[in-house]
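# Commentary on secondary and tertiary structure
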Amino acid sequence: MADSGADEGRIVVGVSGSLGSLAALHHAVAEARRTDVEVLAVLCWTPPGDVLGCRRTPCPPVVNAGRDAAVARLRQALDEAFAGRHAGVRLRCQAVRGDTGHTLVRCADRPGDLLVLGAGRERGRLARLVHPSITAYCVRHATCPVLAVPRPPLQRDLEALERAHGLPREPAAENGG
């Protein structure tokens, strides 16, 4: 979440560990180098059963395990993105509990912020109805500019191979991050 009173813009980037979110992270870091602003990498998470179970009766062990898993996933994504090296910019990271689209919009709330997202994979109509686009949500609700980074060529190639050979898809990460 934003620090109150800070007027300097940042680049807020949704990170999930997917190829698309790693491309967004690289784009955000390149833009931060160009503009000398901070990057806030945000991984959004919800504990298992959050919709029904944890909202009515919080279960600390489940919530703690979910948070720990999210932090580990964020660290792994950053290690994969930068091969364990320093990104070369001011980089803050947060694993934030909440629905991805809503949480990213809340995090990118300062004047001058830029919200950067991976465009995600192509999905059919049914999939879009069941799981609406996080990118579309952010574009509609954000108070700052939103940049959707196109899927990297490797991701497009992998998706084409999956379709052509009927290979099972990797578990889809949220398309916004």
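A brief look at the structure comes next. (Residues numbered from 1 in each chain as written. Predicted model: local features only at pLDDT ≥ 70, side-chain atom pairs only at ≥ 80, totals over all residues. Heavy atoms only, no water.)

Below, the discussion takes up the state of the cysteines. Tallied over the entire structure, the rule returns zero disulfides. Just so you know, Cys138 is unpaired, no disulfide at all, and the nearest cysteine sulfur is the one on Cys44, 8.3 Å from it. Assessed through its relative accessible area of 0%, Cys138 is described here as buried. (Disulfide = S-S within 2.5 Å. Buried < 20%, exposed > 50% of the residue type's maximum accessible area, 1.4 Å probe, protein only.)

Of all eight residues that make up strand β2 (residues 38-45), eight are buried, and the element is covered over most of its length. The two faces of β2 match: Glu38, Leu40, Val42 and Cys44 on one face and Val39, Ala41, Leu43 and Trp45 on the other face are all buried. Sheet analysis places strand β1 (residues 10-14) next to β2, joined by five bridges and oriented parallel. By the bridge assignment for β2, Ile11 is matched with Val39. Each parallel crossover has a hand, and the one from β1 via helix α1 (residues 19-35) to β2 is right-handed. Pairing analysis gives seven bridges linking β2 to strand β3 (residues 91-97), with the strands arranged parallel. (Helix = DSSP H or I, 4+ residues; strand = E, 2+ residues; numbered from the N terminus. Pairing = 2+ DSSP bridges. Right-handed = clockwise from strand over helix to strand, strands pointing away.)

A few words now on the sheet that holds β3. Within a beta sheet, neighbouring strands are joined by backbone hydrogen bonds and run either parallel or antiparallel to one another. Taken in spatial order, the five strands make up an open sheet running β3-β2-β1-β4-β5, and their pairing is parallel. Strand pairing shows two members of the sheet lacking a second neighbour, β3 and β5 (146-149), which therefore form its edges. Sheet twist, expressed as the average angle between the axes of neighbouring strands with direction ignored, equals 25 degrees. (Axes fitted to C-alpha atoms, helices over the stretch in contact; angles between N-to-C directions.)

Turning our attention to the pattern of salt bridges. Scanning the model with the defined rule gives four salt bridges in all. The salt bridge involving Arg10 is made with Asp113; its shortest N-O contact spans 2.7 Å. Here the residue Arg10 occupies a position in strand β1, and Asp113 occupies one in the loop between α4 (100-107) and β4 (114-118), the gap between them amounting to 103 residues. Per residue, the accessibility class of Arg10 equals that of Asp113, and both read buried. Of the charged contacts, one joins Glu38 and Arg92 as a salt bridge, the two residues approaching to 3.2 Å between their closest N and O atoms. Placement of Glu38 in strand β2 and of Arg92 in strand β3 is noted, with a sequence separation of 54 residues between them. Given a relative accessible area of 16%, Glu38 falls into the buried group. (Salt bridge = Lys/Arg side-chain N within 4 Å of Asp/Glu carboxyl O.)

The next subject is the environment of Leu40. Locating Leu40 in the fold gives a position in strand β2. Taking the C-alpha atoms as reference points, Leu40 and Leu115, separated by 75 residues in sequence, lie 9.5 Å from one another. Sequence-distant contacts of Leu40, defined by excluding residues within four places in its chain, comprise Arg10, Ile11, Val12, Val13, Arg92, Cys93 and Gln94. (Contact = heavy atoms within 4.5 Å.)

Right, let's get into unusual backbone geometry. We note that Asp36 has phi near 55 degrees; this positive angle belongs to a residue other than glycine. Checked against the element boundaries, Asp36 lands in the loop between α1 and β2.

One finds Ile11, Val13, Val15, Leu25, Val39, Phe82 and Val116 to be the most contacted residues of the largest nonpolar core, which totals 27 residues. Every element with two or more residues in this core is listed here: β1, α1, β2, α3 (60-82) and β4. Those residues in contact with Leu25 that lie beyond four places of it in its chain are Val13, Val15, Ala41, Leu78, Ala81 and Phe82. Val12, Cys44, Cys107 and Ile134 belong to the second largest nonpolar core, which has 15 residues in total. (Core = buried A, V, L, I, M, F, W, Y, C linked by side-chain atoms within 4.5 Å.)

Spatial relationships are all this shows, so hold off on functional conclusions.
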